Amino acid sequence: MKSIALGFFGIVGALLLGFLPFAQLEQWEADADLRLCWGTEPKSLDPAVITGTLEFKYVRSLFEGLVSYDPKNPLLPAPGIAYKWEVSKDKLTYTFYLRENARWSNGDPLTAYDFEYAWRRILDQKVDCRYANGIFYIYIRNGEAYYLSKQAERLLKSLITTSPPDSKKQEYLNAIAKGATQAHLPQLQQLLETENNPHFQNQYKRILKNAQQRPPIHFEDVGIRVLSPHKIQVTLQNQTPYILDIFAFPTWFPVPQKVVEKYGDDWIHPQNIVVNGPFVIKKWKPHYMIILEKNPYYHSPEKVKLQKVACFILDKPITALNYYDTGYLDYLTQSAIPADLIENLKTRPDFTIFPTFSCTYLRFNVTKPPFNNVWVRKAIAMSIDKREIVDVLRGGETPAPTLVPPFEGYSKYQPKGLPYDPETARKYLKKVYPDIQKFPKVEFLMVSSSVKTKQIFTVIRNQLKKNLGITIEPKAHEWQVYLDALSRIQYELAYGGWIGDYMDPNTFIDMFITNGGNNRTGWGNPRYDAWVKKAASLTNREERFAILGRAEKMLLEEECVVVPLYYRTDSFLHKPWVKGIVPNLGERYLLQFLWVDSKRKSLP
Amino acid sequence: MKLVYFLLGRLLASIAVVFCVISLSFVLIRQIPGDPFISEKDANPLVREVIRAKYGLDKPPLVQYWNFIRGAIVLDFGPSYTYRSWDVMDLIIMGFPVSAFLGFLALTLATFLGVFAGALAAAKRNSWADYLTMAIVVLGICLPNFFVAPLLVMIFSLILMWFPPAGWGGFSQLVLPVIVLSLPYIAYISRLTRAGMIEALGKDYIRTARAKGLKESKVIFEHALRNGIVPVITFLGPAAAGILTGSFIVETIFHIPGMGKYFVYAFINKDYSLILGAIFIYSLLLVFFNFLVDISYYFIDPRTREN
């Protein structure tokens with residue numbers, strides 16, 4: 001019996017102990033100059049694919065675009081891979097001069113062709129670039145027409161080879177209608193011949209007719225031109241005052257053509273990835289740590305003072321704070337700081353909190369009762385006391401009268417927003433629902449993992465109960481399911497938030513154009529769309545802001561599509577020996593701007 | 001010969017179980033609401049089709065299933081949907097040894113401490129030592145590790161500064177997570193040992209041993225323990241599987257790069273390939289440990305040999 005016991009335990013033990021060599025017991029962070037935590041595991045490092053602020057932090061450390069940010073004031077553009085640029089008189093053509101010594105981290109020269117390749121990769125839809133529309137092709141001359149034509153080509157091919165359900169097919173056809181040109185006539189003809197449903201037959205006929213009017217569009221027609229290996233020209237669709245900020249966005253970063261072509265989507269795997277920024281990935285253990293080291297091929301090595309950085313990947317902010325307080329971490333950004341402790345941290349000298357260019361708001365689904373009625377929407381908006389929400393959250397937020405956070409030069413054109421006025425709110429609601437008992441059941445869509453959205457819900461529910469006598473129910477979903485419900489507009493009232501992608505009010509206003517992908521309310525107004533379009537073509541800042549302000553007035557006061565709740569804050573904790581952090585509205589913290597002074601303590 | 005048939009039968013049954021588990025999972029995960037590729041910046045939902053096509057999600061379900069089974073046989077689950085820089089097997093190969101090593105330490109600690117405490121409690125039955133050990137044991141079962149872990153971190157890392165608050169790499173970083181992970185198992189094992197020992201101590205051969213004038217410690221730890229420990233051995237199989245699959249909270253709180261968290265995050269992110277990969281590995285493990293337990297029954301309990 002004893003031998004069996006021993007044997008059994010021996011087998012289990014030997015199996016488990018056998019994993020010791022693979023468990024890799026070694027301390028990676030021991031000799032790092034800086035140990036920081038930006039949050040959890042980054043999902044992708046492909047500059048064209050990423051959308052999250054966490055991924056931006058990694059990608060901005062690993063890659064660099066034509067334009068970068070000024071270390072002293074990160075809201076201003078500064079030379080990146082391009083050491084200078086020229087702007088034509090009509091402000092439509094930008095010619096970038098690339099540094100001759102710019103290289104990829106494998107030693108290959110970085111040329112204008114890498115930029116062209118990266119941009120064409122997005123336009124040709126070789127990657128799932130979520131920012132293709134908002135940050136990319138709409139700014140390039142003929143970019144939209146080319147992209148839509150390529151999209152039509154892709155969807156036509158998919159319709160020929162697969163047979164999607166009718167709802168999806170309709171979605172495809174709507175998109176094809178926008179982009180089909182004479183080049184697509186054969187495929188359209190083929191699909192029309194095999195189509196049995198008369199409803200779709202008619203649509204094919206209409207698309208065919210429109211496509212015949214549109215000449216084919218080629219990449220040569222797009223405003224991207226490589227003039228020499230170190231000179232690239234971009235022609236804009238419209239004059240865009242904030243275009244340099246756009247050029248500095250990761251979507252515009254170059255990718256190494258040879259490497260991407262060799263490995264396909266696997267090019268971002270740690271063993272394959274080749275970068276052009278100030279740092280390279282040395283080691284990476286998922287959900288644990290990424291070790292960055294200074295890139296020896298970076299064009300300005302003297303500007304990068306950190307040699308080795310340990311990026312802790314932490315899923316629980318409280319673990320990050322424990323590490324920080326015991327001396328294992330030097331620098332935490334907001335996503336690594338427990339939100340419910342910010343109130344206590346405010347008194348500490350190593351804690352910094354400041355406003356950002358972002359807003360949290362309520363969305364109405366305007367496609368169905370009760371919120372298809374503007375008076376009901378206004379009644380809700382006017383019976384929410386934003387001050388109370390901010391008091392409950394206690395993260396340093398400020399109540400938001402408007403969607404666009406305070407922005408230099410724009411404030412005087414901004415609407416006031418609807419006031420907190422329960423008296424009037426009740427009157428408005430009475431117009432539509434004289435008997436409040438008849439008010440339909442309303443659910444508040446929110447994210448289950450976020451404590452904040454639950455707190456917001458509780459405050460709003462109590463206020464609506466008190467001020468209007470109506471009851472709203474919570475509907476908490478995981479992030480992915482929440483987004484899915486939002487994009488299908490399957491909700492009544494929903495939590496929403498937006499972080500400005502670039503430093504201009506337009507990043508908030510153009511979200512709500514008719515059928516805009518980030519609109520997600522079902523609302524649309526041709527006048528609003530026209531204003532946004534008009535503003536995009538104006539260069540005079542005052543005129544442009546005046547029009548955007550007018551549009552915001554419609555969105556908030558006249559139509560009341562969203563209810564701004566508060567402006568978010570950003571915060572960080574850092575030890576006194578971490579230098580070079582400049583608090584800014586845009587959450588732009590480039591790792592290459594940081595350094596540590598000699599007073600740094602070693603690992604405990 | 002009988003043993004060979006027994007083993008073959010068990011093996012076939014195990015393969016069938018794993019096949020059923022992953023097939024069912026394949027169907028079920030596709031019923032979870034939510035799209036793995038949705039993003040808060042989805043201006044154009046049709047962009048998602050690009051990535052869906054790359055992952056083969058535009059193909060008919062049966063084709064997808066066939067591709068998945070073909071991959072699973074050679075342990076290739078393709079790229080992770082959420083962590084685009086990794087293949088599912090990369091993540092498992094890196095994470096699993098860490099979880100396994102941690103689990104091994106925890107289980108070893110649990111077995112030694114549990115057996116010792118259980119034997120002690122049985123020997124000093126109904127004394128204050130018995131009551132105290134059993135009280136601690138009940139506490140160990142009742143307190144969830146998401147409560148114990150932060151408590152230990154607060155006491156031993158933040159206040160006393162004996163151990164690092166989290167991390168992986170040094171031996172001092174192993175202490176707290178191993179203790180937290182093993183606590184419930186210490187509790188179970190000591191209860192099992194105590195029960196087995198009490199039964200064994202009532203047997204005639206113990207009286208004989210005592211009558212021979214053997215030292216009491218020898219009676220308890222050599223003669224009685226041999227029989228008293230049998231229930232513990234059969235418990236070790238499921239315990240090993242449980243400790244490997246149940247390390248999510250400990251891994252998250254203590255920042256350990258194990259595999260436990262993929263099991264949870266993959267579901268939250270609707271990462272189909274990672275979910276299926278993790279389920280496959282875990283179902284293999286569960287089946288394997290049950291297989292070991294079955295074999296041990298074969299030796300321990302003669303009744304299983306008869307059919």
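See the structure above.
Along every chain, residues carry numbers that run from 1 in the direction the sequence is written. Key to labels: chains lettered from A, ligands numbered from 1, both in the order written. Where local features are concerned, this predicted model is filtered to residues with pLDDT of at least 70; where side-chain atom pairs are given and counted, the filter is 80 or more; whole-chain, interface and lining totals use all residues. Calculation of side-chain values draws on the structure's entire complement of heavy atoms; hydrogens and water are dropped beforehand.

Please clarify how the packing of aromatic side chains should be interpreted in this entry.
Each pair of aromatic rings is reported with the distance of its centres and the angle of its planes. Residues and elements named next belong to chain B. Stacked, edge-to-face and tilted labels apply to pairs of Phe, Tyr and Trp rings (six-membered ring for Trp) whose centres lie within 6.5 Å, assigned for plane angles under 30 degrees, over 60, and everything in between, in that order. A full pass over the atoms with the stated rule returns 55 aromatic pairs over all chains. Between Tyr83 and Tyr262, the aromatic rings sit 6.3 Å apart at their centres with planes inclined by 65 degrees, giving edge-to-face as the arrangement. Residue Tyr83 is located in the loop between helix 3 (61-73) and helix 4 (88-123), and its partner Tyr262 is located in helix 12 (residues 260-268); the two are separated by 179 residues in the primary sequence. Buried, partly exposed and exposed residues are distinguished by accessible area as a fraction of the type maximum, computed with a 1.4 Å probe on protein chains only: under 20%, between the cut-offs, and over 50%, respectively. Overall, the relative accessible area of 3% leaves Tyr262 in the buried class. The numbering of helices and of strands both runs from the N terminus, where a helix is a DSSP run of H or I of at least 4 residues and a strand a run of E of at least 2.

Would you take a moment to explain the environment of Pro79 of chain A for this structure?
Residue and element names in this part refer to chain A. Mapped onto the elements, Pro79 comes out in strand 3 (residues 77-79). We classify Pro79 as partly exposed; its relative accessible area is 42%. Taking C-alpha positions, Pro79 is 52 Å from Pro422, a pair spaced 343 residues apart along the chain. The contact criterion used is simple: two residues touch if any of their non-hydrogen atoms lie within 4.5 Å. When residues no more than four places from it in sequence are discounted, the contact partners of Pro79 are Leu66, Ser68, Trp85 and Arg99.

When you look at the pattern of salt bridges in this model, what are you seeing that I'm missing?
Note that side chains of opposite charge can pair when their charged atoms are close. Any Lys or Arg side-chain nitrogen found within 4 Å of a carboxyl oxygen on Asp or Glu counts as a salt bridge. A full pass over the atoms with the stated rule returns 35 salt bridges over all chains. The residue Lys438 of chain A makes a salt bridge to Asp435 of chain A at a minimum N-O spacing of 3.9 Å. Relative accessible area serves as the criterion here: at 63%, Lys438 of chain A is assigned to the exposed category. Owing to a relative accessible area of 35%, Asp435 of chain A belongs among the partly exposed residues under this scheme. The closest approach of N and O atoms between Asp597 of chain A and Lys579 of chain A, which form a salt bridge, is 3.8 Å. Within this pair, whereas Asp597 of chain A is found in the segment after strand 19 (595-596), its partner Lys579 of chain A is found in strand 18 (residues 578-579), the two being separated by 18 residues in sequence. You can call Lys579 of chain A partly exposed: its relative accessible area is 29%. Salt bridges sharing common partners tie together Asp128 and Arg130 of chain A together with Arg84 of chain B.

Please explain the side chain of Ser99 of chain B as it appears in this structure.
All names here are of chain B. Within the secondary structure, Ser99 sits in helix 4. We classify Ser99 as buried; its relative accessible area is 2%. Within 3.5 Å is the distance limit for a polar contact, defined as a pair of N or O atoms, with the added protein rule that one can donate a hydrogen and the other accept it, and that residues adjacent in sequence qualify only through two side-chain atoms. Among the polar contacts made by the side chain of Ser99, one reaches the side chain of Glu251 at a distance of 2.7 Å. Within the local environment of Ser99, its side chain forms a polar contact with the backbone nitrogen of Met259, the two atoms lying 2.7 Å apart.

When you look at the interface of chain B and chain A in this model, what are you seeing that I'm missing?
Quoted interface sizes are often the accessible area lost when the parts come together. Listed as interface residues are 77 residues of chain B and, on the opposing side, 78 residues of chain A. When two components associate, each loses some accessible surface as probed by a 1.4 Å sphere; the sum of these losses over both components is called the buried area. Carbon and sulfur atoms make up 64% of the area that chain B and chain A hide from each other, which totals about 6900 Å². Inspection of the chain B/chain A interface yields five salt bridges. Across the pair Lys270 of chain B and Glu478 of chain A runs a salt bridge, and its minimum N-O distance is 2.4 Å. Counting the contacts that link chain B with chain A gives 20 residue pairs in polar contact (both at pLDDT 80 or more). For the side of chain B that touches chain A, the leading source of residues is helix 4 of chain B, giving 13 residues.

Help me understand the sheet that holds strand 5 (residues 93-98) of chain A, please; the structure alone is not making it clear to me.
Working definition: the strands of a sheet are paired by backbone hydrogen bonds and lie parallel or antiparallel to each other. Residue and element names in this part refer to chain A. The pairing criterion is simple: DSSP has to find at least two bridges between the two strands. Pairing within the open sheet is antiparallel, and its four strands lie in the order 4-5-7-6. With one partner strand each, in any of the chains shown, strand 4 (82-87) and strand 6 (224-228) form the two edges of the open sheet. Strand-to-strand twist across the sheet, computed as the mean angle between neighbouring axes with direction ignored, equals 20 degrees. Where strand 4 and strand 5 come together, five bridges link them in antiparallel fashion. Residue pairing across strands places Ala82 opposite Leu98, the latter belonging to strand 5. Axis lines are fitted through C-alpha atoms, for helices just across the contact stretch, and the angle between N-to-C directions can take any value from 0 to 180 degrees.

Any link to function would need more than the numbers given here.
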